Each structure stands twice: as structure tokens, then as C-alpha cells.
Amino acid sequence: MAEQNETETTTEAPPKKSVSLKTLLMVLGVLLLEVVTVVVAFSMAGGPDAVSADRTGANLLVDDGNAEVEELVIEDRFANSRRGDVYLYDSEIYVVLKKKHQAKMQADLKSMSAQVHADILTIFRRADPTFMHEDELQTLSRQIKAALDNRFGKDADGEPIVRRVLITRCTEYRIDF
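Counting restarts for each chain: residues are numbered from 1 in the order of the written sequence. Totals for whole chains, interfaces and linings use every residue, but because this is a predicted model, local features are given only for residues with pLDDT of at least 70 and side-chain atom pairs only at 80 or more, for both listing and counting. Side-chain figures throughout are based on the complete set of non-hydrogen atoms in the structure, without hydrogens or water.

Visitor: I keep staring at the side chain of Glu 92 and nothing clicks. Help me out?
Guide: By secondary structure assignment, the location of Glu 92 is in strand β2 (residues 86–98). Exposure categories follow from relative accessible area, calculated using a 1.4 Å probe and restricted to protein chains: below 20% of the type maximum is buried, above 50% is exposed, and the middle band is partly exposed. The charged-residue count follows a simple rule in which Lys and Arg add positive charge and Asp and Glu add negative charge, with His and chain termini not counted at all. The salt bridge criterion pairs a side-chain nitrogen of Lys or Arg with a carboxyl oxygen of Asp or Glu, the two atoms within 4 Å. Look at Glu 92: it is buried, it has no salt bridge, and the nearest opposite charge is Arg 169 at 4.0 Å. Distance and chemistry together define a polar contact, namely a pair of N or O atoms within 3.5 Å, with one atom able to donate a hydrogen and the other to accept it when in protein, and with adjacent residues in sequence counting only for side-chain atoms on both sides. Among the polar contacts made by the side chain of Glu 92, one reaches the side chain of Thr 168 at a distance of 2.8 Å. Once residues within four sequence positions are removed from consideration, Glu 92 is found in contact with Leu 72, Ile 74, Glu 75, Leu 166, Ile 167, Thr 168 and Arg 169. Secondary structure elements follow DSSP: runs of H or I of four or more residues count as helices, runs of E of two or more count as strands, with numbering from the N terminus. In what follows, a contact means two residues having at least one pair of non-hydrogen atoms within 4.5 Å.

Visitor: Could you clarify how one ought to interpret the pattern of salt bridges in this entry?
Guide: Between side chains of opposite charge, pairing is possible as soon as their charged atoms come close. Scanning all chains against the criterion turns up 12 salt bridges. Between Glu 172 and Arg 83 there is a salt bridge, with the nearest N and O atoms lying 2.6 Å from each other. Remark: Arg 83 occurs in the loop between β1 (68–80) and β2 and Glu 172 occurs in strand β3 (residues 164–175); sequence separation between them is 89 residues. Asp 149 serves as the salt-bridge partner of Lys 145, at 2.7 Å between the closest nitrogen and oxygen. Here Lys 145 pairs with Asp 149, and both are found in helix α5 (residues 138–152), just four residues apart, close to one helical turn. Its relative accessible area of 22% is what places Asp 149 among the partly exposed residues. It is possible to trace a salt-bridge network through shared partners that takes in Glu 68, Lys 98, Glu 159, Arg 163 and Arg 164.

Visitor: Please clarify how the environment of Asn 80 should be interpreted in this entry.
Guide: Of note, Asn 80 is situated in strand β1. A relative accessible area of 3% places Asn 80 in the buried class. Not counting the four nearest positions on each side in its chain, Asn 80 is found in contact with Asp 85, Val 86, Tyr 87, Tyr 89, Phe 124, Arg 125, Ala 127 and Met 132. In this structure the side chain of Asn 80 is engaged in a polar contact, spanning 2.7 Å, whose partner is the backbone oxygen of Phe 124.

Visitor: In this structure, what is going on with the confidence of the model for the protein? I would like to understand it.
Guide: Atomic detail in the predicted coordinates should be set aside for any region of low pLDDT. Across the chain, each position has a pLDDT score giving the predictor's confidence in that residue, from 0 to 100. Confidence in the prediction of the protein, expressed as mean pLDDT, is 85, and 80% of residues score 70 or more. When mean pLDDT is compared element by element in the protein, α5 scores highest at 95, while helix α1 (residues 2–11) scores lowest at 55.

Visitor: What should I look at first to understand the sheet that holds β2 in this one?
Guide: Two strands qualify as a pair provided DSSP detects at least 2 bridges between them. Overall, antiparallel pairing links the three strands, which are arranged β1-β2-β3 in an open sheet. Looking at the sheet topology across the chains shown, the edges are occupied by β1 and β3. With strand direction ignored, the average angle separating the axes of adjacent strands in the sheet is 10°. By the bridge criterion, 12 bridges tie β1 to β2 in an arrangement that is antiparallel. The partner of Arg 77 across the bridge, within β2, is Asp 90. The strands touched by helix α4 (residues 113–126) are β1, β2 and β3; relative to β1, the strand with the most contacts, the crossing angle is about 55°. Under this scheme, a helix contributes an axis fitted over its contacting stretch, all axes are lines through C-alpha atoms, and angles between N-to-C directions fall in the 0 to 180 degree range.

Written as C-alpha cells, this is what we have:
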């Protein structure tokens, strides 16, 4: 009898539960159905709606003249011989100013072009050669701004007309004689 009890206990091990193939196929089918539903739903929705500008509200914006604009001051070549050799700097210089000052600046630049040219020429001729190799040409920009501030002055609010000086080109060429 003891032998029978031992064999019964060994054969009565709990059966292992395994996922049936049917269940696995049903879950995969449901997932596939969800994916197809999402793809179809998004493709039927189409793209974004076309956008059109409403020009009726454009007149509501008032230009008070405080927007900044750029104005070309001079585009020329300036010489510098401070290193012992003569170098020519092909330069292009702009100023940033408020839009309300643009017409006055254009008129002043036209009437004082020789004076402005002479001021900038003097700055380039006196400049230390290291100034020409600065990353943002800060020293030259600062000196030119000071000269232009002296030349053009301040507006009615006491602010300088020239807000910033931008040197967009300052290419160095060696002049050999």
C-alpha cells in the first residue's frame, strides 16, 4: 500500500498551464485589427486644412516708427599701413536705426557723405592691425558708432539716432608695390 501511495503522489503533479495556439492567434488577430483601424482612421482624416490670411485685421497694427531698420552707410576700400606694409580693407558698413529716422538718415548721408567717409577713413588708418582681426570687429564698430553719433546726434527723446554699427565685410588685402 505504501508503494501505491507513493506512485499516486508522484503522478498527481499539478498540470502545467500552457498558452494554447488558439488564444495566441486570437490576441494577434485583435492587435492586427486595431492597427488596421488606426491606419484607416488617420488616412481618412486627410492632411491639415489650408490656411489663408485674413487681411481685414492687418490695418489694426499701427507702425509707430520704432521698428529697427538697416541703412548702408558706406561701401569702400580703406588702407592701413600700421604694420609697415600697406593693407587694403574692402569694407561694407551698415547702421541700425529706428524706422522713423530712416528718411532723415538717408538725407544726411547724402548731404554729408564726404564727411562721413573722412571720419571712417581716419578710423581705419589709425586702427591697430589687431582690431581688423577681431571676431566681431567690436573695436572698429564702437569707434565708427562714436564718430557717427558725433555726426548725426540724438533724436528728440535724447537717444542716439544710430543704434548699432554693423560691419558686414572687412576683407584684408596686402598691397605690394
